[in-house]
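# Residue-level structure breakdown
For reference, the chains in residue letters:
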Amino acid sequence: EAGVAQSPRYKIIEKRQSVAFWCNPISGHATLYWYQQILGQGPKLLIQFQNNGVVDDSQLPKDRFSAERLKGVDSTLKIQPAKLEDSAVYLCASSSTLGNEQYFGPGTRLTVT
Amino acid sequence: AQSVTQLDSQVPVFEEAPVELRCNYSSSVSVYLFWYVQYPNQGLQLLLKYLSGSTLVKGINGFEAEFNKSQTSFHLRKPSVHISDTAEYFCAVLLRGGYQKVTFGTGTKLQVIP
């Protein structure tokens, strides 16, 4: 069974630029999560989808971050414009449904200069 | 709201020695508990989980954890560590019932010394 795929693995941009991350969850998994992991901290949930609907985006900085999950499969997370403090690893995870075990992708390491 | 505390940010231990990584949580309701491992430049991998039943939970790679409700703890243990266990370990909690998001601790870096 293929795992959670993410791309790109690494990205370096200048502040005020835009960036987008892509995630393909495990086939059949209804729930998809985006986490932000700042160096030295645990993952922080940004947004959670159940199929193509948003369940929780309370910690998503909506003035610059956006995410979508069209057709309830793949998802993209966008930052526009980026700030220095957005430098982090962005992890995507999926689970068969809400509350079940989460499977994580390898993450995208974003550096904002 | 729930919270998770991992008091030790780094734990150095010699190869083949035992190790315990501490995790304490705070919650007003019953919880599910998890330990994840993160190797360098990789995502998180589930080591073990406590949902119900026996308070001693066995996971992958020889790790185990014990749920202690009275002390609100879920410490991770391994009797003999290997170099390959060098990684960062995260404790996480999920409230039982209804929708709740998983809350992660700040992580403990385990460094196994040859």
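Residue numbering note: each chain is counted from 1, following its sequence as written. Written order determines the labels here, with chains lettered from A and ligands numbered from 1. Where totals are concerned, whole chains, interfaces and linings use all residues; where local detail is concerned, this predicted model gives features only for residues with pLDDT of at least 70, and gives and counts side-chain atom pairs only at 80 or more. Hydrogens and water molecules were not included; the side-chain quantities draw on all heavy atoms of the structure.

## Focus on the sheet that holds strand 3 (residues 19-24) of chain A
Sheets are built from strands paired through backbone hydrogen bonds, the pairs being either parallel or antiparallel. Residue and element names in this part refer to chain A. On the basis of which strands lie adjacent, the open sheet formed by 4 strands has the order 1-3-8-7 and antiparallel pairing. Strands at the two margins of the open sheet, each flanked by one partner only, are strand 1 (5-7) and strand 7 (65-68). Mean inter-strand twist for the sheet, computed between neighbouring axes without regard to direction, equals 15 degrees. We treat two strands as partners when DSSP finds at least two bridges between them. The secondary structure listing takes helices from DSSP runs of H or I that are at least 4 residues long and strands from runs of E that are at least 2 residues long, numbered from the N terminus. As paired elements, strand 7 and strand 8 (residues 75-79) share 4 bridges and run antiparallel to each other. When the bridges of strand 8 are listed, Ala 67 appears paired with Leu 77. For every element, the axis is a line fit to its C-alpha atoms; helices are fit only across the contacting stretch, and the angle between N-to-C directions ranges from 0 to 180 degrees.

## Digging into the interface of chain A and chain B
Residues are treated as being in contact if the distance between any of their heavy atoms lies within 4.5 Å. With 23 residues of chain A at the contact, the number on the chain B side is 16 residues. Reported buried area values correspond to the accessible surface (1.4 Å probe) lost by two parts on association, with both partners' losses combined. Both faces considered, chain A and chain B share a buried interface measuring about 1,500 Å² in area, 54% of it formed by carbon and sulfur atoms. For chain A, the biggest contributors to the area lost against chain B are A:Pro43, A:Glu101 and A:Phe104; these three give 28% of the whole. What makes a salt bridge here is a side-chain nitrogen of Lys or Arg within 4 Å of a carboxyl oxygen of Asp or Glu, nothing more. Where chain A packs against chain B, one counts 1 salt bridge. Notably, a salt bridge pairs B:Lys49 with A:Glu101, separated by 3.5 Å at the nearest N-O pair. We call two N or O atoms a polar contact when they sit within 3.5 Å, provided that within protein one can donate a hydrogen and the other can accept it, with sequence-adjacent residues counted only if both atoms are side-chain atoms. For the pair chain A and chain B, the interface holds 3 residue pairs in polar contact (both at pLDDT 80 or more). Sorting the residues of the side of chain A that touches chain B by element identifies strand 4 (31-37), strand 5 (44-50) and strand 6 (53-56) of chain A as the ones contributing at least two each. Considered class by class, the residues forming the side of chain A that touches chain B number 9 nonpolar, 10 polar and 4 charged. Any residue that is not Ala, Val, Leu, Ile, Met, Phe, Trp, Tyr, Cys, Pro, Asp, Glu, Lys or Arg is counted as polar, Gly included; the first ten are nonpolar and the last four charged.

## A short note on the confidence of the model for chain A
With 99% of its residues at a pLDDT of at least 70, chain A reaches an overall mean of 93. pLDDT runs from 0 to 100 and stands for how confident the predictor is about each residue. Ranking the elements of chain A by mean pLDDT puts strand 6 of chain A last with 90 and strand 8 of chain A first with 98.

## Notes on the pattern of salt bridges
Residue and element names in this part refer to chain B. All chains considered together, the criterion is met by 8 salt bridges over all chains. Across the salt bridge formed by Glu 20 and Arg 77, the nearest N and O atoms sit 2.8 Å from each other. Here the residue Glu 20 occupies a position in strand 3 (residues 19-21), and Arg 77 occupies one in strand 9 (residues 73-78), the gap between them amounting to 57 residues. Three exposure classes are used, based on accessible area relative to the maximum for each residue type with a 1.4 Å probe and protein chains only: buried under 20%, partly exposed in between, and exposed over 50%. Judged by relative accessible area, Glu 20 falls into the partly exposed class, the value being 36%. Shared partners join several salt bridges into a network, and the residues in it are Glu 20, Glu 66 and Arg 77.

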